Amino acid sequence: QVQLVESGGGLVQPGESLRLSCAASGSIFSIYYMYWYRQAPGNERELVARIANGGTTFYGDSVEGRFTISRDNAKNTVYLQMDSLKPEDTAVYYCKATLKLTISDTLRAYWGQGTQVTVSS
């Protein structure tokens, strides 16, 4: 059984930084894309950033230039470095991975349970 566990959320003041981590565990053949999404109260879940297993990245417009996504393939872990945080970054942050359990498997998507990030003075 595959599990994704996020950590690193918390309460910070505007302008400060946080680093989120998400570790995937279980019997995994290969992880293709790893993502960070976020959802604020009353809003739809939105894509924050995405990273391919080769390192190619994509960022949402609202975080471009402030957030950095990275991954450690040996540890099946994805990170989100969040700098210059703003109150509008407040949300529950979720990680997602698209992966195969075996070489012949179909591509599957797994989600973490979410971690709260609150930016407030």
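The structure displayed is predicted, hence computed values, not measured ones.

Trainee: Could you give me a rundown of the state of the cysteines, with the residues and numbers involved?
Mentor: Summed over the entire model, instances satisfying the criterion amount to one disulfide. Between the sulfur atoms of C22 and its disulfide mate C95 the distance is 1.9 Å. Of note, the bridge from C22 to C95 carries an S-S torsion of about 40° and is right-handed in sense. In this pair, C22 sits in strand β3 (residues 18–25) while C95 sits in strand β9 (residues 91–100), placing the two residues 73 residues apart along the sequence.

Trainee: Tell me about the sheet that holds strand β1 (residues 3–7), and please be specific about residues and values.
Mentor: Pairing is antiparallel in the open sheet, where four strands are placed in the order β1-β3-β8-β7. Looking along the sheet, the strands with just one partner apiece sit at the ends: β1 and β7 (67–72). Going from strand to strand, the sheet's axes swing by 15° on average, the running direction of each strand aside. Relative to strand β8 (residues 77–82), β7 is paired through six bridges, and the arrangement is antiparallel. Its bridge partner being in β8, R71 is matched across the sheet by V78.

Trainee: Provide a residue-level description of the nonpolar core, including the pertinent values.
Mentor: By size, the foremost hydrophobic cluster in this structure holds 30 residues, and its most contacted members are W36, L80, M82 and Y93. Sorting the residues of this core by element identifies β3, β4 (30–39), β5 (46–52), β7, β8, β9 and β11 (115–119) as the ones contributing at least two each. Here this core takes five residues from β9, the largest share from any one element.

Trainee: Lay out the environment of S21 with the relevant residues and their values.
Mentor: By secondary structure assignment, the location of S21 is in strand β3. Taking the relative accessible area as the measure of exposure, S21 reaches 19% and is therefore buried. Residues S21 and V5, spaced 16 residues apart in sequence, show a C-alpha to C-alpha distance of 8.1 Å. Setting aside its immediate chain neighbours within four residues, S21 contacts V5, E6, S7, W36, V78 and Y79.

Rules and cut-offs
- Residues numbered from 1 in each chain as written.
- Predicted model: local features only at pLDDT ≥ 70, side-chain atom pairs only at ≥ 80, totals over all residues.
- Heavy atoms only, no water.
- Disulfide = S-S within 2.5 Å.
- Helix = DSSP H or I, 4+ residues; strand = E, 2+ residues; numbered from the N terminus.
- Pairing = 2+ DSSP bridges.
- Axes fitted to C-alpha atoms, helices over the stretch in contact; angles between N-to-C directions.
- Core = buried A, V, L, I, M, F, W, Y, C linked by side-chain atoms within 4.5 Å.
- Buried < 20%, exposed > 50% of the residue type's maximum accessible area, 1.4 Å probe, protein only.
- Contact = heavy atoms within 4.5 Å.

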